[in-house]
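Residues per chain are reported as follows:
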Amino acid sequence: MSGQAADRRRFNAPPNAAPLVFVEPDAVASSSAAREDSRAPSQVRPVFLQTGLVTEASGSAYIETGRTKLICAVYGPKPTPPSAPFNAKARLNVEVKFAPFSSGVRRFTPGKDTESPLLSSTLHQSLLPSLLLDSLPKSQIDLFVHILESDGSDSDISAGVTAASVALASAGIQMVGLVVGCSAAFLPSAPTPVLDPTRSEALSSTAFVSLACIPALGTITNISSRGTIPVPQFEEAVKSCASVCGDIHSVARQALTESLAA
Amino acid sequence: MTTTSAQPIAGPSTAPSSSLTPALFRRLHPRPYLEKFLAEGVRPDGRPVGASAKEGVWRDASVNLGSISTAPASALVRLGNTTVVCGITLEIAPPDITFPNQGFLVPNVDLPPLCSPLFKQGAPADESQVLATRLRDVLLASTVLPLSSLLIEPSKAAFVVYLDIVCLNYDGGVLDAAVLACVGALRQLVLPEATWDPDTLSTVCHPISSQHPGKPITLGPLPICVSFGIFNSHLLPDTTLFESDLCTSLVSVALSSASKGPLFNIYQAGAPLSSAGGEAGGREQLKACIALARGRARELKAMLEE
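Being a predicted model, the structure only gives us computed values, none of them experimental.

With that out of the way, let us pick up a nonpolar patch on the surface. Together, A:Leu132, A:Val176 and A:Leu217 make up an exposed nonpolar region whose accessible area comes to about 240 Å². With respect to the secondary-structure elements, A:Leu217 resides in the loop between β9 (207-214) and β10 (219-226).

What follows is the structure, encoded as structure tokens:
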């Protein structure tokens, strides 16, 4: 914070500003395998999905799962600038941004954020196989994701994938199916992986898997994992994520049909 | 585009082709489109226009407080289609040497490319810098947040209140929505109990709980900002983006929401306000703006307080 060059385009933080330091609250160590919000291990938090919030965009979607809230807008397809080299398939540009108030400690990096490019490329990777971009040469599709409240960056990817796919669908981009994301964490106290972990669960996990799949086709577009996981447990996590994705898919489909009916 | 009907518009013989759908007509000939509506005494979104219009002149406003749980206080404001989120974050910094008994207020307005096709990725647009400056001017002029109430220890530690505004949908009246969001969030803000420890030269805070309830801030007079546009001598309160792009003058009035409270800021851009009445006509228009703004400020204050 201190020593950052003054940015003349904004009001700057006063020098030597530091985040609040809190007295440690009386910690109640929980060694039980039960989850904090008393969900079953394979139970995901209710998903609220709504399209059409950004009126000027071709398509937009707002998703809330638990405390994660993010909004996604799609602009395009629009022509690439003439100076750009020829592309036979449309280019998908993904940009993920965090709101400064999204993670508790003020998160303000005027330039490039170190976490966002990773999320952008994971999102890109998850969505690309579902889109039919051959029919859009010399075009680009801009996808902007803005995370308003973040409950652990990994569950943001899963929610982000679902919202982005719904936004692309409501923008009329041709696709083979909706992409839905789900993640699982391996906690030291629980034998089975817990799905849709909250931030505190993700932070205390020994391993983490996140999955993006197209339930309509039964194909997986992206799996990423962190930590060491024995192979049978990994397979189990992938299977339970994929089955839960079917439920989330019906929520997403519902949101889309409601928006088209309106 | 919100219009769904495909009825072609029959235009006068001098006007361009009469076989256009409303959406296309709006896109190709925005000025005649707006003029046709105003000739009937309505605006494109159905609101009445004219001196006799009293009801329904303003867009629907709604405020949703405290939705972001990672922020100590937050507000989501919708003004018609314009949607703005304000999140407050707190930090602690040593006060400025010249003002040892004051904290800091740092507003920041972010207009991401998400909210409108007008904004591109990369450096913040001029618009966001202008908005941030005007927001700061309104907030400081109104003394809504007395900076002395942010003090923890004179010359040693004070709170820094960051007001981060993110626009989610850009449809005119963003400053109005931003001021309303800041005011809504500030009303919710409770400063945690903070004690300066002279031994470690640092501040320690207690998380808000029943034993340490913290300190809500006593706010000064709440500012409300209201924007107007002037188009062909019609006064259009609370313009949408489409309307404000066509208006010749734009006026913003920031005043206290208390009845007979002071004016904080008047901003006028574009052509001078004089109409057929000359300079007096311009002054009359400004008085009309201020009177309308007072009514709106009362409404919005009541909405915030319920």
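What follows concerns helix α4 (residues 231-261) of chain A. Since the α-helix packs 3.6 residues into each turn, any two residues three or four apart lie on the same face. With 31 residues, α4(A) ought to run about 45 Å at 1.5 Å a step, and its terminal C-alpha atoms sit 45 Å apart, in line with that. Residues of α4(A) that are buried include every one of A:Ala237, A:Val238, A:Ser240, A:Cys241, A:Val244, A:Cys245, A:Ile248, A:His249, A:Ala252, A:Ala255 and A:Leu256, and no others.

This part takes up the interface of chain A and chain B. When the parts come together, some accessible area is lost, and that loss is often what is quoted as the size of the interface. Taken together, the contact pairs 41 residues of chain A with 46 residues of chain B. A per-residue breakdown of the area chain A buries against chain B is headed by A:Phe11, A:Phe101 and A:Arg106, which together make up 21% of the total. Applying the counting rule to chain A against chain B returns two salt bridges. Put simply, chain A and chain B have 13 residue pairs in polar contact (both at pLDDT 80 or more) between them. Counting only elements with at least two residues in the side of chain A that touches chain B, the list comes to β1 (18-19), β4 (68-79), β5 (91-98) and β6 (139-149) of chain A. In terms of residue count, the dominant contributor to the side of chain A that touches chain B is β4(A) (five residues). Tallied by class, the residues present in the side of chain A that touches chain B amount to 24 nonpolar, eight polar and nine charged. Note: β1(A) against strand β3 (residues 82-93) of chain B, two bridges, orientation antiparallel.

Counting residues in hydrophobic clusters, the biggest one holds 71 residues, and the most contacted among them are B:Leu111, B:Leu135, B:Val161, B:Leu163, B:Leu189 and B:Phe228. Looking at this core, the element that brings in the most residues is helix α4 (residues 174-188) of chain B, giving 11 residues. Apart from residues no more than four positions distant in its own chain, B:Leu135 is found in contact with B:Pro107, B:Val109, B:Ile165, B:Leu175, B:Ala178, B:Val179 and B:Cys182. The next biggest cluster of nonpolar side chains, apart from the first, holds 39 residues, and it includes A:Ile147, A:Ile157, A:Ala167 and A:Leu256.

Cis geometry is found at the peptide bond from A:Gly76 to A:Pro77, where omega equals -5°. With respect to the helices and strands, the residue A:Pro77 is situated in strand β4. Of note, the phi angle at B:Asp238 is positive, near 55°, even though the residue is not glycine. Position of B:Asp238 among the secondary structure elements: in the loop between β12 (234-237) and α5 (241-246). The buried category is assigned to B:Asp238, whose relative accessible area is 2%. Of note in the backbone geometry, B:Lys260 takes a positive phi value of approximately 60° without being a glycine. Topologically, B:Lys260 is positioned in the loop between β13 (249-256) and β14 (263-270). On the accessibility criterion, B:Lys260 (79% relative accessible area) is exposed.

Quick look at the pattern of salt bridges now. All names here are of chain B. One pass over the full model with this rule turns up 15 salt bridges over all chains. A salt bridge links Glu299 to Arg296, with the shortest nitrogen-to-oxygen separation between them at 3.2 Å. In this pair, Glu299 and Arg296 are both assigned in helix α6 (residues 278-305), three residues apart and thus about one turn of the helix distant. Ionic pairing is found between Glu305 and Lys301, a salt bridge with its closest N-O pair at 3.8 Å.

Basis of the calculations
Residues numbered from 1 in each chain as written. Chains lettered and ligands numbered in written order. Predicted model: local features only at pLDDT ≥ 70, side-chain atom pairs only at ≥ 80, totals over all residues. Heavy atoms only, no water. Patch = residues over 30% accessible without salt bridge, like charges linked within 9 Å, V, L, I, M, F, W, Y side chains within 5 Å. Areas by Shrake-Rupley, 256 points an atom, 1.4 Å probe, with all protein chains shown as cover. Salt bridge = Lys/Arg side-chain N within 4 Å of Asp/Glu carboxyl O. Helix = DSSP H or I, 4+ residues; strand = E, 2+ residues; numbered from the N terminus. Expected span 1.5 Å × (residues − 1). Buried < 20%, exposed > 50% of the residue type's maximum accessible area, 1.4 Å probe, protein only. Contact = heavy atoms within 4.5 Å. Buried area = accessible area lost by both parts, 1.4 Å probe. Polar contact = N/O pair within 3.5 Å; in protein donor to acceptor, adjacent residues only side chain to side chain. Nonpolar A, V, L, I, M, F, W, Y, C, P; charged D, E, K, R; others polar. Pairing = 2+ DSSP bridges. Core = buried A, V, L, I, M, F, W, Y, C linked by side-chain atoms within 4.5 Å.

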